[in-house]
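The primary structure of each chain is shown beneath.
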Amino acid sequence: MKPVSIEELIVAVNKVHQQLQKEEFFNRNRILVDNFREPDPLNQRVILPTLEGFEVVKMEEIIRLQGNGNFTDIYLAGKQKKMVCRFLKHFAEILPYPFVRVHKSHIINTHRVISYHKGSGGYVVLDDGTEIEISSSYKEDFLALFK
């Protein structure tokens, strides 16, 4: 109400901010607990931090991830693309099989591989039509998954 007390306004804004942080913390922890209960990694979910907060995505929807400097581009089923402010290394450390790093700039979902083509490292074709080069340093580990 008028007149506005600056002190009261600051207290009210801080209270709302704290409540939003609590809700975000609760939602993130709930997702982590759900993931521990879910034995199939593809039915688990991953949290993608955004400028507005975060999005929750099922791992089965992720086709591939591509490093983009300080960011990672995440390509999802349905031709969706999300840009996340995390290094690709972050996702390489947290994503379980069937995700595998095949290049310094690429992680793929091996369940989305349609074909592999030989070469020095070769390349794979994913079910969205994307061709991803496999670097020679990752080739052996990648091929071992398909034996």
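Placed above this text is the structure.
Let me begin by describing the structure that accompanies this report. Small disclaimer: the values here were computed from a predicted structure and weren't measured.

Procedures and definitions
- Residue positions are given per chain, counted from 1 along the sequence in the order it is written.
- Side-chain atom pairs in this predicted model are given and counted only at pLDDT of 80 or more, local residue features only at pLDDT of at least 70, and totals for whole chains, interfaces and linings cover all residues.
- The side-chain figures draw on all heavy atoms in the structure; neither hydrogens nor water molecules are used.
- Numbering goes from the N terminus for both helices and strands, where a helix is a DSSP run of H or I of at least four residues and a strand is a run of E of at least two.
- Using a 1.4 Å probe on the protein chains alone, a residue whose accessible area is under 20% of its type maximum counts as buried, one over 50% counts as exposed, and one in between counts as partly exposed.
- A contact between two residues is defined here by any heavy atoms of the two lying within 4.5 Å.
- Here the accessible surface of atoms and residues is derived via Shrake-Rupley with a 1.4 Å probe, and residues count as covered only by protein chains that are part of the display.
- Nine residue types can take part in a nonpolar core, namely buried Ala, Val, Leu, Ile, Met, Phe, Trp, Tyr and Cys, and a core is a set of them joined through side-chain atoms within 4.5 Å.
- Two strands qualify as a pair provided DSSP detects at least 2 bridges between them.
- Counted as a polar contact is a pair of N or O atoms within 3.5 Å, where, for protein atoms, one must be capable of donating a hydrogen and the other of accepting one, and residues adjacent in sequence contribute only when both atoms are in side chains.

## A short note on the overall build of the protein chain
Check the secondary structure of the protein chain and you find three helices and 10 strands. Put simply, the protein chain runs from its N terminus to its C terminus through helices and strands in the order α-β-β-β-β-β-α-β-β-β-β-β-α. Taken over 147 residues, the protein chain has a buried fraction of 31%. Of the contacts formed within the protein chain by residues at least 6 apart in sequence, a portion of 33% connects residues at least 24 apart. For the protein chain, the computed accessible surface area is about 9,900 Å², with 55% contributed by carbon and sulfur atoms.

## Considerations on the nonpolar core
Counting 14 residues, the largest nonpolar core has Leu48, Ile62, Leu65, Ile74, Phe91 and Phe99 as the members making the most contacts within it. At the level of elements, strand S1 (45-49), strand S3 (62-68), strand S4 (71-76) and helix H2 (88-94) are the ones that each hand at least two residues to this core. Setting aside chain neighbours within four positions, we find Leu65 in contact with Thr72, Asp73, Ile74, Leu88, Phe91, Leu95, Phe99, Ser105, His106 and Ile107. Judged by nonpolar contacts, the second largest core, of 10 residues, contains Ile63, Val124, Ile132 and Ile134.

## What about the pairing of strand S8 (residues 113-117)?
Looking at chain direction, S8 and strand S9 (residues 123-126) are connected through four bridges and run antiparallel. Looking at the pairing, His117 lines up with Tyr123 of S9. Hairpin geometry of S8 and S9 is characterised by an intervening segment of five residues between the two adjacent antiparallel strands and by a positive phi of about 90° at Gly122.

## Structural notes on the side chain of Arg112
By the secondary structure assignment, Arg112 is in the loop between strand S7 (106-109) and S8. Accessibility expressed as a relative area gives 18% for Arg112, which makes it buried. Of the polar contacts made by the side chain of Arg112, one reaches the backbone oxygen of Glu60; its length is 2.7 Å. With residues near it in sequence (within four places) discarded, Arg112 still touches Glu60, Glu61, Ile62, Ile63, Ala77, Val125, Leu126 and Asp127.

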